[in-house]
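Letter by letter, the chains look like this.
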Amino acid sequence: MSKAKALEFFNQAAENPALQKRLQQAQAPADFLNIAREQGYSLTLEDLNAATLAIESEQFEDKELDPVAGGRLLDKLGKGFSNLFS
């Protein structure tokens, strides 16, 4: 996949409170990747790292990420979220 697909998954999660809750409960990167896979996204840790960094630094194209959803998702998932992928 790619950073774009990871951003697409993040957009989906930003609009789905139940999915957000599951992602908040992820204890390890493998948990997060499994949840993404259940939603139809075959992502890698590198994809998630790239997407997370892009969101945190706001380095994305409008077509890649809904500007409203992007930042809100990381806020909803919590500050420790990006540490899963470090």
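Throughout what follows, the structure given in this document is the object of discussion. (Residues numbered from 1 in each chain as written. Predicted model: local features only at pLDDT ≥ 70, side-chain atom pairs only at ≥ 80, totals over all residues. Heavy atoms only, no water.)

### Some thoughts on the packing of helix α1 (residues 3-14) against helix α4 (residues 45-57)
- At a minimum axis separation of 8 Å, α1 and α4 run at an interaxial angle of 65°. Taken together, α1 and α4 sit at an angle that is classed as roughly perpendicular. Seen from above, α1 lies across α4 with right-handed handedness. Between α1 and α4, the residues in contact are K3, A6, L7 and F10 and D47, L48, A50, A51, T52, A54 and I55, respectively.
- Residues of the contact of α1 with α4, tallied by class, amount to 8 nonpolar, 1 polar and 2 charged. (Axes fitted to C-alpha atoms, helices over the stretch in contact; angles between N-to-C directions. Helix = DSSP H or I, 4+ residues; strand = E, 2+ residues; numbered from the N terminus. Parallel < 35°, antiparallel > 145°, perpendicular 65-115°, else oblique. Left-handed = near helix turned anticlockwise from the far one by under 90°. Contact = heavy atoms within 4.5 Å. Nonpolar A, V, L, I, M, F, W, Y, C, P; charged D, E, K, R; others polar.)

### Let's talk about helix α3 (residues 29-38)
- Within α3, burial applies to F32, L33, I35 and A36. End-on view of α3: buried residues confined to an arc of 160°, all on one side of the axis.
- Tucked inside the fold, the buried residues of α3 contact α1, α2 (17-24) and α4.
- Note on α3: the residue one or two positions beyond its end, G40, has a positive phi of about 95°. (Buried < 20%, exposed > 50% of the residue type's maximum accessible area, 1.4 Å probe, protein only. Arc of directions from axis to C-beta.)

### A look at the packing of aromatic side chains
- In this structure the tally under the stated criterion is 4 aromatic pairs.
- Residues F9 and Y41 carry aromatic rings whose centres are separated by 5.3 Å and whose planes lie at 55° to one another, so their mutual orientation is tilted. In this pair, F9 is assigned in helix α1 and Y41 in the loop between α3 and α4, connecting sequence segments 32 residues apart.
- When its relative accessible area of 9% is taken as the criterion, Y41 is described as buried. (Phe/Tyr/Trp six-rings, centres within 6.5 Å; stacked < 30°, edge-to-face > 60°.)

### Description of the pattern of salt bridges
- Overall, the coordinates contain 2 salt bridges when judged by the stated rule.
- Between E8 and K5 there is a salt bridge, and its shortest N-O distance comes to 3.4 Å. With E8 and K5 both in helix α1 and 3 residues apart, the pair spans about one turn of that helix.
- Look at E8 and you get partly exposed, because its relative accessible area is 35%.
- The partner of R22 in a salt bridge is E38, and the shortest N-O contact between them spans 2.6 Å. Separated by 16 residues along the polypeptide, R22 in helix α2 and E38 in helix α3 bring together distant segments of the chain.
- A relative accessible area of 33% means that R22 is categorised as partly exposed. (Salt bridge = Lys/Arg side-chain N within 4 Å of Asp/Glu carboxyl O.)

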